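Notes for the structure review
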Amino acid sequence: MSASVALVWFRNDLRLHDHAPLVAALRAHAVVVPVFVLDPALLAETDFGWRKTGSARLAFMLEAVADLRASLRARGSNLVVSHAAPAQALATLAQQVGATAVYATGYATPEEQRDERRVAKALATLGATLHLSYGHPLLHPDDLPDRVTPLPEIFTQWRKEVERRLKVRQPLPAPGKLPALPASVEAGALPTLASLGYESLPRAAEADYAAEGGETAGLAHWEAYLEAEYLSTYKETRNGLLGMPFSSKLSAWLAQGCLSPRQIYWDIKRYEAEVASNESTYWLVFELLWRDYFYYVARQYGSRLFRPGGLRGHETRKLRRDRGTLEAWRTGQTGVPLVDACMRQLLATGFMSNRGRQNVASYQVHDLHQDWIYGASWFEHALVDYDPASNWANWCYVAGVGNDPRPSRKFNVVKQGYDYDPDGAFVRHYLPELKGVPNHAIHEPHRLSPLEAQALGMQFAEPLHL
Ligand SMILES: Cc1cc2nc3c(=O)[nH]c(=O)nc-3n(C[C@H](O)[C@H](O)[C@H](O)COP(=O)(O)OP(=O)(O)OC[C@H]3O[C@@H](n4cnc5c(N)ncnc54)[C@H](O)[C@@H]3O)c2cc1C
């Protein structure tokens, strides 16, 4: 009798540790074929004129796929890489190797769930089955208290309920030796940015963020963060703007699944037992719970997350799209230093701090009065750590169409500049034209007197719509 064969479909879970689909496939099948599918739809041009995935995230993803392939090869297996729609790619491969099952991580958002339905349908015609597991959130839905279904409207309510008896599963160990791929299977070449028609980010020489894709780099980054004991002061530093250590910088690895949130959680617990346990160590778990909350928001509200009326369903809301204004916002040319520096940082690196994201989103929605869908779509393109649930739910929240009872989350972007960048180090870093501006005017250089501006040889225009 021939050995039973399964595929493991790697999606945004590009790791070997804590990988439930891989463990389940190995338990039930003698031959397991790991496969990554690069869907052309992810690279398609959007109505806004940019591609759905920008080069920062694509580069990170390709690095992560290369790392995964190397780890699988080191264990005797390999990673098949296919460039097609998932249903087509997986059905073709399943037929070729005689697979009766495909194992994968399921997601909470509509496009990803549509792919799952299509894959399941295509497999059914072959008599094969799609098995989905949970891997993305920290908390497994079966471990949530009954009282959080339906989801409480407010994060704090949800958090307090789940914290009452927080159950976080232990991460599954990475497998050891793996079965070889059937001889007939071609693993396929890895695409490159250039072969996909992309250019690398014009990373500014002064870029203050760098992250290499992949489980190996992610684990090394996290170990170094713990080793340096940055976790002990995380709560005090997390609102920083410039440089790597002020916050964990786990987001890109978590979004692509190179790191498991459960691994992070249990490492924090070990750190608390061995090094220090304080408000800061708790706070990183608190932030991971925000991530989970938005995952469960996406699961409950589905496609509403992506509509102008958001979770509240105000479909009649009129949203403006003034081309010049939006282009100035997107490219960091609004005349508001904090906003411009953040937007140029995003262009240069694919990253922006949480404080920055809240401010630029608030400014786009509440000062410029522009369509938040544009802002969220630009983030979807540009962010290295784009995660559908986290991005769109955060935008809904700032735009006042989330499940937050407060009608407006407007930030005073000038005050925030002085509060969080009092000496202007961040804005000067990304806006060299502000180098000579004195600290007292660094976040509103248009207020310099004509004489002061002349002495600097500069003219500062009034910022847009403040
Ligand atoms: C408008 C807007 C859009 C955003 N889009 C994304 C996105 O696409 N992907 C993404 O991962 N985060 C997003 N965030 C959340 C947050 O800004 C980033 O997770 C964080 O800045 C990443 O840096 P870090 O890893 O150092 O975070 P840390 O402060 O060290 O937090 C640790 C981890 O907790 C999670 N986290 C923290 N804050 C949030 C939050 N508000 N919502 C969800 N998860 C959170 C992230 O996984 C993060 O890596 C967005 C926030 C806003 C306001």
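Residues numbered from 1 in each chain as written. Predicted model: local features only at pLDDT ≥ 70, side-chain atom pairs only at ≥ 80, totals over all residues.

Some thoughts on the sheet that holds strand E2 (residues 31-37)
Rule in force here: DSSP-based pairing: two strands are paired if at least 2 bridges between them are found. A run of DSSP states H or I qualifies as a helix once it reaches four residues; a run of E qualifies as a strand once it reaches two. Both are numbered from the N-terminal end. Convention adopted: a line fitted to C-alpha atoms gives each axis, helices being fitted over their contacting stretch, and angles between N-to-C directions are expressed from 0 to 180 degrees. Note that contacts rest on C-beta atoms placed from the backbone: two residues are in contact if these are within 7 Å.
Taken in spatial order, the 5 strands of this open sheet run E3-E2-E1-E4-E5, and their pairing is parallel. The sheet terminates laterally at strand E3 (80-82) and strand E5 (129-133), the two strands that pair on one side only. Averaged over all pairs of adjacent strands, the angle between their axes in this sheet comes to 25 degrees, without regard to strand direction. Bridge count between E2 and E3: 3 bridges; the pairing is parallel. Bridge pairing links phenylalanine 36 to valine 81 in E3. Running over the sheet, helix H4 (residues 110-124) touches strand E4 (99-105) and E5 and is turned about 150 degrees from E5.

Re helix H12 (residues 337-349)
Side chains of residues three or four places apart in an α-helix project in the same direction, reflecting 3.6 residues per turn. We apply this condition: One less than the number of residues in a helix, times 1.5 Å, gives the span that helix is expected to have. Residues are called buried when their C-beta atom has 20 or more other C-beta atoms within 10 Å, exposed when it has 12 or fewer, and partly exposed otherwise; all C-beta atoms are positioned from the backbone.
Spanning 13 residues, H12 covers 18 Å between terminal C-alpha atoms, matching the ideal 18 Å at 1.5 Å per step. Buried residues dominate H12, accounting for 12 of its 13 residues. Residues of H12 that are buried include every one of Pro337, Leu338, Val339, Asp340, Ala341, Cys342, Met343, Gln345, Leu346, Leu347, Ala348 and Thr349, and no others. At its buried positions, H12 is contacted by helix H2 (55-74), helix H11 (323-331), helix H13 (354-367), helix H14 (372-382), helix H16 (413-420) and helix H17 (425-430). With its phi angle positive at about 85 degrees, glycine 350 sits one or two positions after the end of H12.

Structural notes on the domain arrangement of the protein chain
Using the following cut-off: By convention here, the domain bounds are inherited from an automatic or database domain assignment. Nonpolar residues are Ala, Val, Leu, Ile, Met, Phe, Trp, Tyr, Cys and Pro. Charged residues are Asp, Glu, Lys and Arg, and all others, Gly as well, are polar.
Domain parsing of the protein chain yields domain 1 (5-135), domain 2 (136-170 + 215-302) and domain 3 (323-456). Taking the mean C-alpha position of each, domain 2 and domain 3 sit 25 Å from one another. At the interface, 15 residues of domain 2 touch 19 residues of domain 3. Among the elements of the structure, helix H8 (251-255) and helix H10 (279-301) are those that each provide at least two residues to the side of domain 2 that touches domain 3. For the side of domain 2 that touches domain 3, the element with the highest residue contribution is H10, accounting for 5 residues. Broken down by class, the residue content of the side of domain 2 that touches domain 3 amounts to 9 nonpolar, 4 polar and 2 charged.

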